[in-house]
Amino acid sequence: MSTMVPMAAAEPDSHATAIAAERRWAWVVIAIMALLVAMMVFTGLHWSAMPPSRVETVDVKTLHLKGEFVESNLGTSVGADGKVTVRLVGQQYSFQPQCIVVPAGMPVTFRGTATDTIHGFVVGRTNANTMLIPGFVSTFTTTFTTPGEQLMPCHEYCGTGHEAMWARVQVLPAAEFMAKAKPGERLSCVPR
Ligand code: CUA
């Protein structure tokens, strides 16, 4: 009997300690979850990291025959409003055009799609980076800060020739670029 009394006295104590410890851990877990949700909300709003608000589609079967992505319309164009647009198509295993000309220090809008499977590209170490998906038009606008030549590899595994799929991007000083650009013409650094 004398041995049971201290044990019975100790029992509620350890139970209360365990519950207190569980509560503390529960608050730690809730705090971690709240922090992660807060980070998601912050990055979503602050970096505009949101799902695309609109989806533009294009018919793969007629891509090369008519519309925006016919071969003669690919490359860089300067609109009447002075806006620079690059149109490109990815296919196994090349980009069309093979070399892209863009001005430095001016916003450039990319519009691209793919004919066969999912491709993607990133321009050097810039933030110009997107996937090219058959049936959809990928678009983004960026500004290249430094003139020079950049490599533009395909960064979505697209088949056995994936590692050989890349293009070049020539970033020209804005004045030099504008001197080359002619209204209604498509610019690219590969003569065709
Ligand atoms: Cu195209 Cu990888």
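Anything mentioned here points back to the structure above.
Student: Tell me what's going on with the nonpolar core, and back it up with residues and numbers.
Tutor: Taken as a class, soluble globular proteins show a tendency for nonpolar side chains to be buried jointly. Membership of the largest hydrophobic core comes to 30 residues, with the highest contact counts inside it found for Phe 95, Val 102, Phe 110, Phe 121 and Met 152. Where this core is concerned, the elements lending two or more residues are β2 (84-91), β4 (99-103), β5 (107-114) and β10 (166-172). Ranked by residues supplied to this core, first place goes to β10 with 4 residues. Apart from residues no more than four positions distant in its own chain, Val 102 is found in contact with Val 86, Val 108, Phe 110, Phe 144, Val 169, Gln 170, Val 171, Leu 172 and Phe 177. The next biggest cluster of nonpolar side chains, apart from the first, holds 5 residues, and it includes Leu 63, Phe 69, Leu 74 and Val 137.

Student: Describe the packing of aromatic side chains, naming the residues involved and giving the relevant values.
Tutor: Summed over the entire model, instances satisfying the criterion amount to 5 aromatic pairs. Between Phe 95 and Phe 121, the aromatic rings sit 6.1 Å apart at their centres with planes inclined by 85 degrees, giving edge-to-face as the arrangement. In this pair, Phe 95 sits in strand β3 (residues 94-96) while Phe 121 sits in strand β6 (residues 119-122), placing the two residues 26 residues apart along the sequence. This pair shows no difference in class: Phe 95 is buried, exactly as Phe 121 is. Ring geometry for Phe 121 versus Phe 140: centroids 6.2 Å apart, planes at 45 degrees, classification tilted. Of this pair, Phe 121 sits in strand β6 while Phe 140 sits in strand β8 (residues 138-143), and the two are 19 residues apart along the sequence. Judged by relative accessible area, which is 1%, Phe 121 ranks as buried. Residue Phe 140 is classed as buried on the basis of its relative accessible area, which comes to 16%. Three or more aromatic residues joined by ring pairs form one cluster here, namely Phe 95, Phe 110, Phe 121, Phe 140 and Phe 144.

Student: Would you mind going over the environment of His 155 in detail, with residue names and values included?
Tutor: Locating His 155 in the fold gives a position in the loop between β9 (148-153) and β10. Sequence-wise, His 155 and Val 122 are 33 residues apart; in three dimensions their C-alpha atoms are separated by 7.0 Å. When neighbours within four sequence positions are excluded, His 155 is seen to be in contact with Gly 120, Phe 121, Val 122, Asn 129, Thr 130 and His 162. There is a polar contact of 3.2 Å between the side chain of His 155 and the backbone oxygen of Phe 121.

Student: Tell me about empty space enclosed by the protein, and please be specific about residues and values.
Tutor: Applying the stated criterion across every chain, the model contains 1 cavity of 30 Å³ or more. Volume-wise, the largest cavity comes out at about 40 Å³. Lining of the largest cavity is provided by Thr 76, Ser 77, Val 78, Phe 177, Ala 181, Lys 182, Glu 185 and Leu 187. Here the residues of the lining of the largest cavity are counted per class, giving 4 nonpolar, 2 polar and 2 charged.

Student: Tell me about the sheet that holds β4, and name the residues and values.
Tutor: What links the strands of a sheet is backbone hydrogen bonding, and the strands pair in either a parallel or an antiparallel sense. Strand order in the open sheet formed by 3 strands is β4-β10-β9, with mixed pairing between adjacent strands. The open sheet has two edge strands, β4 and β9, and neither has a second partner. On average, each strand axis in the sheet is inclined to that of its neighbour by 25 degrees, with strand direction left out of account. Where β4 and β10 come together, 5 bridges link them in parallel fashion.

Basis of the calculations
Residues numbered from 1 in each chain as written. Predicted model: local features only at pLDDT ≥ 70, side-chain atom pairs only at ≥ 80, totals over all residues. Heavy atoms only, no water. Core = buried A, V, L, I, M, F, W, Y, C linked by side-chain atoms within 4.5 Å. Buried < 20%, exposed > 50% of the residue type's maximum accessible area, 1.4 Å probe, protein only. Helix = DSSP H or I, 4+ residues; strand = E, 2+ residues; numbered from the N terminus. Contact = heavy atoms within 4.5 Å. Phe/Tyr/Trp six-rings, centres within 6.5 Å; stacked < 30°, edge-to-face > 60°. Polar contact = N/O pair within 3.5 Å; in protein donor to acceptor, adjacent residues only side chain to side chain. 1 Å grid on protein atoms, 1.4 Å probe; cavity = no way out; pocket = protein on both sides within 12 Å on 5 of 7 lines; lining within 4 Å. Points joined across faces, edges and corners; volume = space filled by probe spheres on them. Nonpolar A, V, L, I, M, F, W, Y, C, P; charged D, E, K, R; others polar. Pairing = 2+ DSSP bridges. Axes fitted to C-alpha atoms, helices over the stretch in contact; angles between N-to-C directions.

Everything listed here is a matter of coordinates, which is why it stays silent on function.
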